[in-house]
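Structural overview
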Amino acid sequence: MVSSESLSESAAPPPKKYGVTKPLSLAGPTEADLQRNAELEKFLRESELYESEEETARREEVLRRLDEIVKQWVKQLTRQRGYTDQMVEDANAIIVTFGSYRLGVHGPGADVDTLCVGPSYVNREEDFFILLHDILAEMEEVRELQPVPDAHVPVMKFKFQGISIDLLYASITLLVIPEDLDISDQSILYNVDGPTVRSLNGCRVADQILKLVPNAKHFRTTLRCLKFWAKRRGVYSNVTGFLGGVNWALLVARICQFYPNAIPSMLVSRFFRVYTQWRWPNPVMLCPIEEDELGFLVWDPRKNPKDRTHHMPIITPAYPCMNSSYNVSPSTLRVMMDQFQIGNKICEDVELNKAQWPALFEHYFFFEAYKNYLQVEIVAADNGDLLAWKGWVESRLRQLTLKFSDDALQIERDTNGTLQCHPYPNEFVDMSKPCPHCTFFMGLQRQKGVKVQEGQQFDIRGTVDEFKQDVSMYSYWRLGMDIYVSHVPRREIPAYVFPDGYKRPRQSRNTIQHTPETDAKGCMSSEERRSKRKQETHTVDVQSDKLPKRASISPQDIGSVSPASVSSRSGGSSQIITPEESLQEVKTAGLQNQSSDDKSTEDTGEQKPCISE
């Protein structure tokens, strides 16, 4: 005879499955977890990660005004093209959001990612990037308008009443756009081009993420926390080869699926526990990859050879499923894995009451981590040109990182495959210079475990010259746009990169001495710069600590260059020979070894990491 208790147990529904595998644990919080969670949320509030009600109202008002503008723009185009009065009356476009704003994790001063969806007869190339651009340019509320039509996802960037806006455009196969358009409906993708699919995908992915997590509130708090951590640790930047907002959202969402009953303090700790053990390039996926008769290319390393080269696949959940982290290189993956290890150790200490949450969010002292750096200075004739020029150069910095990581013959010749590059996503400005400019830095070190011969030098002239050639291909180059690349020893890092109140290391005797002329003008003349370059040798003995004096990186007088000269601009870059990195690294556990049969090229299914709960 079967008892009623056993019948009720057998009739109980199985726990809901989230993602492509079973949860790693169904455990809920303990009293200690609840206490740590309260402390974490208190820290996040004190760190001012939540915007005020006033700023929320301003964003909503800006979105309402933007929606009005695009509606008027489409009606104007409909009238100009001779459509009937009824068509003009019905003509419509809508503004929808995506990214951190749609997910509900944006903070004070954050950009608002927006998408304008318009009818089939309103195109991107002329109607959006020319006509709507001109409308916005004439508005007093609009500042810093920057069209980027040739981006992978074409975008128009600007500030509207002080709120930063990234505006995309999607023309879909409807003559009239309904106000209640369902972006998630797959039919919206019929007969549209690649840029339109990518533009629509931001909204579709955000909606899918919120549908696929067990608890949206816990997901939001955890994601807000991890984004803050990534920015503090210098690994938040898609454009330079790290991870951007959507990448972090997908990683956090997968942790929420692994631990459906966990609260944010537990999820943050499990985040580091899981990803320190993850066997990349096994993909992170929130749901199975969906194939459809629409025929768009989806991420599948079994069919697409290019997908086999991805180092850290994080797959979007909306059709067509794509790898959102294709920018990641071996060098940036190594940096992120090191940071995951550090975060994991701190979280373990927090759980053992050996540390408090603020320890997890300490700033990463990038300029103490390496002995040698690559400095890339970007200059332009005015601030408007600098905005556009900087965006282009920054997008190419990832290619420079890849050149260090690649196995191409050029890199083998330049560094013998032993030099690693760590791009830092933050930009710096020397306020003493009158020329519009900004500077990026990259840390350089020899690959761990690689032995070098006595006196060995790393000559990366070819790599940097290739980078400059890439940058010189900018279609919208204007007089005054220039770059300068140079090797900078740690002891000669310029003072303006250090935050106020930070005591930087004592300057070496070899630190560059500014002449009265360069200090007064802030910009070196062409003749002075050419003379300076001739004096540079940039030859460094690996085993010696004698580093050469760095050439002054001063932008040349605006207007003294031509497009043809871009490929030969160096600022010392073509003579870089970098010494071995001998600085003691932050204590980390390193990457986990992976055998060939683990690789994602064999199976697109996510492999669950071996993690003990």
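Above this text is the structure in question.
In short, a report on the structure. In this text, all values refer to a predicted model and were calculated from it rather than measured experimentally.

1. So, the nonpolar core
For soluble globular proteins, nonpolar side chains are generally found buried alongside one another. Within the largest apolar cluster, 75 residues are counted, with the highest numbers of intra-cluster contacts made by F219, W229, W248, F271, Y275 and W280. Elements supplying a minimum of two residues to this core: α2 (31-46), α7 (194-212), α8 (216-232), α9 (245-258), α10 (264-275), α11 (330-351) and α12 (366-369). Setting aside residues up to four positions removed in sequence, Y275 forms contacts with L251, R254, I255, W280, V284, M337 and F340. Core analysis: the second largest hydrophobic core is formed by 30 residues, L66, V74, M87 and Y121 among them.

2. Considerations on the packing of α2 against α10
In contact at an axis separation of 7 Å, α2 and α10 are set at 90 degrees when each is read in the N-to-C sense. Of the possible angle classes, the one that applies to α2 and α10 is roughly perpendicular. Contacts between α2 and α10 involve D33, R36, N37, L40 and E41 on the former and, on the latter, P264, S265, M266 and V268.

3. Here we look at the sheet that holds strand β2 (residues 112-118)
Taken in spatial order, the five strands make up an open sheet running β1-β2-β5-β4-β3, and their pairing is mixed. On the outer flanks of this sheet lie β1 (94-98) and β3 (142-148), each paired with one strand and no other. Within this sheet the neighbouring strands show an average axis-to-axis angle of 25 degrees, counted without direction. Pairing of β1 with β2 involves five bridges; the strand directions are antiparallel.

4. Focus on the sheet that holds strand β6 (residues 372-379)
With antiparallel pairing, the four strands of this open sheet are ordered in space as β7-β8-β6-β10. Since the sheet does not close on itself, it has two edges, and those belong to β7 (419-423) and β10 (482-489), each with one partner. Between one strand axis and the next, the sheet turns through 25 degrees on average, direction left out of account. α11 contacts β7 and β8 (437-446) of the sheet and is inclined by roughly 70 degrees relative to β7. Relative to β10, helix α15 (residues 461-471) is tilted by about 155 degrees, and along the sheet it contacts β6 and β10.

5. Overview of helix α3 (residues 53-80)
Taking 1.5 Å as the rise per residue, α3 with 28 residues should run 40 Å; its terminal C-alpha atoms sit 41 Å apart, in good agreement. Once α3 ends, the next one or two residues include G82, with phi positive near 80 degrees.

6. Observations regarding the pairing of β3
Bridge analysis of β3 against strand β4 (residues 155-160) gives five bridges, and the strand direction is antiparallel. Bridging from a neighbouring strand, V148 pairs with V155 of β4. What sits between the antiparallel neighbours β3 and β4 is a turn of six residues.

Basis of the calculations
- By convention here, each chain's residues receive numbers from 1 onward along its written sequence.
- Where totals are concerned, whole chains, interfaces and linings use all residues; where local detail is concerned, this predicted model gives features only for residues with pLDDT of at least 70, and gives and counts side-chain atom pairs only at 80 or more.
- As a rule here, side-chain values come from all non-hydrogen atoms in the structure, and water together with hydrogens is ignored.
- Within this scheme, the nonpolar core is defined by two criteria: the residues are buried Ala, Val, Leu, Ile, Met, Phe, Trp, Tyr or Cys, and they are joined through side-chain atoms within 4.5 Å.
- Buried means the residue's accessible area, taken with a 1.4 Å probe over protein chains only, is under 20% of the maximum for its type, while exposed means over 50%, and partly exposed covers the values in between.
- To qualify as a helix, a DSSP run of H or I must reach at least 4 residues; to qualify as a strand, a run of E must reach at least 2; elements of each kind are numbered from the N terminus.
- Note on contacts: a residue pair is in contact if any heavy atoms of the two residues lie within 4.5 Å.
- A fitted line through C-alpha atoms represents every axis, and for helices the fit uses only the stretch in contact; the resulting angles, taken between N-to-C directions, go from 0 to 180 degrees.
- Geometric relationships in this document are graded by angle, where less than 35 degrees denotes roughly parallel, more than 145 denotes roughly antiparallel, 65 to 115 denotes roughly perpendicular, and other angles denote oblique.
- At least two bridges found by DSSP between two strands are what make those strands a pair.
- By definition here, a helix of n residues has an expected span of 1.5 Å times n minus one.

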